Amino acid sequence: MQQLIRSLTLLLLNFLSYEAAFCQYYFYNEDYYDAEVTWQLGLSAGGMNCLTDLGGKNGYNRKFIKDVNWSATRPSGGFYAGANYHNILGAKLELAIGQITATDDILINEGNTAAGRYQRNLNFRSDIKELSFNLEFYPLSVLLKGGEGDAIINPYILVGIGYFSFNPETLYKNSWLKLAEFHTEGQGFAEFPGRKKYNLKQYNMPLGIGLKHHASPVVDCCFEICYRKLWTDYLDDVSSSYIDPVLFAKYFAGPKSNLAAQLADRRLSTGSLNARQAGEIRGNDKNNDTYFSFHLKIGLVLGRQKIK
């Protein structure tokens with residue numbers, strides 16, 4: 001009797017262990033079980049570009065992606081760590097670095113609205129460093145056996161919250177100068193209470209789409225395009241209108257005041273700075289700036305177990 005009880009107990013324990021394993025895993029392929037939750041560590045590489053008040057394309061000012069100057073794309077990359085539930089929901093902590101740039105002198109001096117941007121003669125670059133937490137949703141996986149199937153190419157959408165740093169610089173007489181130090185549109189001046197000094201570290205909202213491919217049970221590949229919603233129009237240090245250059249002498253001493261006036265107004269048209277009217281359009285404060293990236297991601301998948 002005792003032997004029978006021991007046998008039944010052992011059988012019950014084996015059954016419970018099997019049930020636990022069955023609930024936790026399903027077949028990824030003939031060699032691997034796929035866990036309910038898998039983990040990823042990976043690298044990303046690609047390009048970064050921006051939409052700001054500067055640069056753009058020749059001709060009349062276009063909307064959104066139609067005004068992107070693709071020649072201004074600069075390399076970017078990063079790394080990430082995350083988790084994925086049944087190939088339906090994903091969460092990633094990502095670090096991305098890159099650079100954005102734009103210049104008015106790329107515009108042809110034609111008899112249209114691009115001529116005004118060309119005459120403005122401004123340029124900038126800025127290094128971008130971003131830490132974000134992003135959520136991913138794979139709608140196709142929901143349709144394939146409740147998430148227990150997977151497509152060869154699996155599309156996804158993402159949304160997140162990020163924290164990034166920037167610091168616009170301009171090329172002036174063969175030197176790169178940090179523009180935030182010169183308050184080129186009177187940011188922080190008493191005469192312009194609505195123009196606050198902009199913070200060089202801010203929050204953003206990543207929004208994107210991507211395609212994922214399981215290259216092997218332990219390697220995932222993704223191609224992702226990610227747009228950032230920003231709450232600043234000073235990514236390029238340009239937003240509103242020119243100010244009276246005399247004001248720079250009130251806030252800056254010596255050579256810095258003269259340099260600030262030169263950086264604020266670099267128009268190619270003739271005439272002295274004092275002859276120009278304060279309040280003339282310098283940028284468009286109706287739309288905030290943005291930057292975006294497109295990355296190829298290669299990740300190591302952890303959590304799948306090889307069938308013994």
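As a reminder, the structure under discussion sits directly above these lines.
Everything quoted here is computed from the prediction, not taken from an experiment. Per chain, the residues get numbers from 1 upward, laid out in the order the sequence is written. Reporting of local features is limited, given that this is a predicted model, to residues whose pLDDT is at least 70; pairs of side-chain atoms are given and counted only at 80 or more, and all residues count toward the totals for whole chains, interfaces and linings. The basis for every side-chain value is the complete set of heavy atoms in the structure, and neither hydrogens nor water enter the calculation.

## Let's talk about the pairing of strand β4 (residues 74-85)
For two strands to be treated as a pair, DSSP must find at least two bridges joining them. Secondary structure counts use DSSP, requiring at least four H or I residues in a row for a helix and at least two E residues in a row for a strand, with both numbered from the N terminus. With 12 bridges joining them, strand β3 (residues 37-51) and β4 adopt antiparallel strand pairing. The partner of serine 44 across the bridge, within β4, is glycine 78. Pairing between β4 and strand β5 (residues 89-103): 9 bridges, direction antiparallel. Bridge assignment links tyrosine 85 to a residue of β5, and that residue is leucine 89. Counted between consecutive antiparallel strands, the loop separating β4 from β5 contains 3 residues, among which histidine 86 sits at a positive phi close to 50°.

## Examining unusual backbone geometry
Backbone phi values are negative for most residues with the exception of glycine, while trans is the configuration of most peptide bonds. Although it is not a glycine, asparagine 87 sits at a positive phi angle of roughly 60°. Structurally, asparagine 87 can be placed in the loop between β4 and β5. A positive phi is found at lysine 173, a non-glycine position, where the angle reads about 50°. Along the chain, lysine 173 turns up in the loop between β8 (169-172) and β9 (175-178).

## Topic: the pairing of β9
The pairing of β8 with β9 spans 4 bridges and is antiparallel. Paired with leucine 171 across the two strands is tryptophan 176, which belongs to β9. Hairpin connection between β8 and β9: a loop of 2 residues separates the two successive antiparallel strands, and lysine 173 in this loop has a positive phi of roughly 50°.

## A short note on the side chain of aspartate 265
Assignment of secondary structure puts aspartate 265 in the loop between α5 (255-264) and β12 (290-302). The cut-offs for exposure are 20% and 50% of the maximum accessible area for each residue type, with area from a 1.4 Å probe on protein chains only; residues under the lower value are buried, those over the upper are exposed, and the others partly exposed. Owing to a relative accessible area of 10%, aspartate 265 belongs among the buried residues under this scheme. Polar contact is defined as a pair of N or O atoms within 3.5 Å, subject to the rule that within protein one atom must be able to donate a hydrogen and the other to accept it, and that residues adjacent in sequence are counted only when both atoms are side-chain atoms. In terms of polar contacts, aspartate 265 uses its side chain to reach the side chain of arginine 267, at 2.7 Å.

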